[in-house]
Amino acid sequence: MNFFIDTANLDQIKEAQDLGILDGVTTNPSLMAKEGIKGAKNITQHYVDICNIVDGDVSAEVIATDYEGMISEGEELAALHPQIVVKVPCTKNGIKAVKYLSTKGIRTNCTLIFSVGQALLAAKAGATYVSPFVGRLDDICTDGIVLIRQIADMFNYYAFDTQVLAASVRHTMHIIQCVEAGAHVATCPLSAIVGLLNHPLTDKGLEQFLADYNKLNG
Ligand code: E4P
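Note that the coordinates shown come from a computational prediction; the quantities given were computed from them, not determined experimentally.

Caption draft 1: Structural context of the side chain of His81. Along the chain, the position of His81 falls in the loop between helix 4 (67–80) and strand 4 (84–89). With relative accessibility at 17%, the residue His81 sits in the buried group. When residues no more than four places from it in sequence are discounted, the contact partners of His81 are Cys51 and Asn52.

Caption draft 2: Up close: the sheet that holds strand 3 (residues 57–61). Strand order around the closed barrel formed by eight strands is 1-2-3-4-5-6-7-8, with parallel pairing between neighbours. Along the sheet, successive strands turn relative to each other by an average axial angle of 30°, direction set aside. Contacting strand 5 (108–113) and strand 6 (129–132), helix 6 (residues 116–124) runs over the sheet at an angle of about 165° to strand 5.

Caption draft 3: Inspection of the nonpolar core at higher detail. Val25, Val86, Cys110, Ile113, Ile151, Phe155 and Cys188 are the most contacted members of the largest nonpolar core, which totals 61 residues. No other element matches the seven residues that helix 8 (residues 144–158) contributes to this core. Those residues in contact with Phe155, other than ones at most four positions away along the chain, are Ala119, Ala123, Val130, Phe160, Thr162, Gln163 and Val164. Listed in part, the five residues of the second largest apolar core include Val85, Tyr129, Leu165 and Val185.

Caption draft 4: Seen up close, the layout of surface pockets. What the largest pocket holds in volume is close to 330 Å³. Asp6, Asn28, Leu31, Ser168 and Val169 are the residues nearest the centre of the largest pocket, which is lined by 21 residues in total. Among the elements that make up the lining of the largest pocket, the one with the highest residue count is helix 2 (residues 29–34) (three residues). The residue makeup of the lining of the largest pocket, split by class, is six nonpolar, nine polar and six charged. The calculated volume of the second largest pocket comes to roughly 280 Å³. For the second largest pocket, the lining is made up of 14 residues, of which Ile43, Tyr47, Ile63, Glu73 and Leu77 are closest to its centre. Secondary structure elements with two or more residues in the lining of the second largest pocket: helix 2, helix 3 (40–53) and helix 4.

Caption draft 5: Up close: the site of the ligand. For the ligand, the full set of nearby residues is Asp6, Thr26, Asn28, Lys87, Phe133, Arg136, Ala167, Ser168 and Arg170. Here Asn28 contributes a side-chain N or O atom positioned 2.6 Å from an oxygen atom of the ligand. Arg136 is positioned such that a nitrogen or oxygen atom in its side chain is 2.6 Å from an oxygen atom of the ligand. With the chains in place, 85% of the 340 Å² that the ligand exposes on its own is no longer accessible. Comparing atom positions with the cavity grids shows the ligand to sit within the largest pocket. Split by residue class, the shell around the ligand holds two nonpolar, three polar and four charged.

Caption draft 6: Summary view of the pattern of salt bridges. For the coordinates displayed, the defined rule picks out four salt bridges. The salt bridge involving Arg107 is made with Asp57; its shortest N-O contact spans 2.9 Å. Separated by 50 residues along the polypeptide, Arg107 in the loop between helix 5 (92–103) and strand 5 and Asp57 in strand 3 bring together distant segments of the chain. Looking at Arg107, the relative accessible area reads 29%, which means it is partly exposed.

Caption draft 7: Focus on the packing of helix 4 against helix 5. Between helix 4 and helix 5, the shortest axis-to-axis distance is 9 Å and the interhelical angle comes to 40°. In terms of orientation, helix 4 lies oblique with respect to helix 5. Considering how the two elements wind past one another, helix 4 and helix 5 form a crossing that is right-handed. Within the contact between the two elements, helix 4 uses Tyr67, Met70, Ile71, Gly74 and Glu75 and helix 5 uses Asn93, Gly94, Lys96, Ala97, Tyr100 and Leu101. Along the lines of polarity and charge, the residues of the contact of helix 4 with helix 5 split into six nonpolar, three polar and two charged.

Reading guide: rules and limits
Residues numbered from 1 in each chain as written. Predicted model: local features only at pLDDT ≥ 70, side-chain atom pairs only at ≥ 80, totals over all residues. Heavy atoms only, no water. Helix = DSSP H or I, 4+ residues; strand = E, 2+ residues; numbered from the N terminus. Buried < 20%, exposed > 50% of the residue type's maximum accessible area, 1.4 Å probe, protein only. Contact = heavy atoms within 4.5 Å. Pairing = 2+ DSSP bridges. Axes fitted to C-alpha atoms, helices over the stretch in contact; angles between N-to-C directions. Core = buried A, V, L, I, M, F, W, Y, C linked by side-chain atoms within 4.5 Å. 1 Å grid on protein atoms, 1.4 Å probe; cavity = no way out; pocket = protein on both sides within 12 Å on 5 of 7 lines; lining within 4 Å. Points joined across faces, edges and corners; volume = space filled by probe spheres on them. Nonpolar A, V, L, I, M, F, W, Y, C, P; charged D, E, K, R; others polar. Near = heavy atom within 4 Å. Polar contact = N/O pair within 3.5 Å; in protein donor to acceptor, adjacent residues only side chain to side chain. Areas by Shrake-Rupley, 256 points an atom, 1.4 Å probe, with all protein chains shown as cover. Sits in = over half its atoms within 2 Å of the grid points. Salt bridge = Lys/Arg side-chain N within 4 Å of Asp/Glu carboxyl O. Parallel < 35°, antiparallel > 145°, perpendicular 65-115°, else oblique. Left-handed = near helix turned anticlockwise from the far one by under 90°.

Given below as structure tokens:
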């Protein structure tokens, strides 16, 4: 199970990298906007800055929605840094763009996936990752984890190389559920990753160990 952090915030990316468990980063235009990153030059520089912090894959999303625009933007993004994975929405043009980019050896993350059928098309087009959005399905009273399991089972059954990148992970329990459902990667907020550490018996046990040590060693 790989961990990506789902943010464009450099401090949070550094903190996750320093933990020693980070495998990559996902961004999207909303996350870039949240950090106030605007203008093509600043956006591309921000992607490079992220790549220089982490060792793994960094998803950078195309803004174009037409096929020609998606592939030229995708090629530009991929040329920025070897760690860049081009994030393409799961539309008709997006699937064509994933096919083109994967044929050119450019890695892709097909995003905004909400059904097994969308994941199937993305995998057939050669996507490196598909990103089903767990939290946004939960938001509309549909179990997002069920979709992760269905896609993981389908990829295993047909031996697709495409990885299930569980996205829109909102909290720590989602991460555990993604593990159980067979996701290859979960992209999460830093708080959800750090939340995995919390256990009252760990805190209590450590307190007792230190108290016993201090009794003898003062
Ligand atoms: C990541 O690839 C997605 O863009 C992100 O996880 C969406 O998360 P949200 O539904 O919390 O905005």
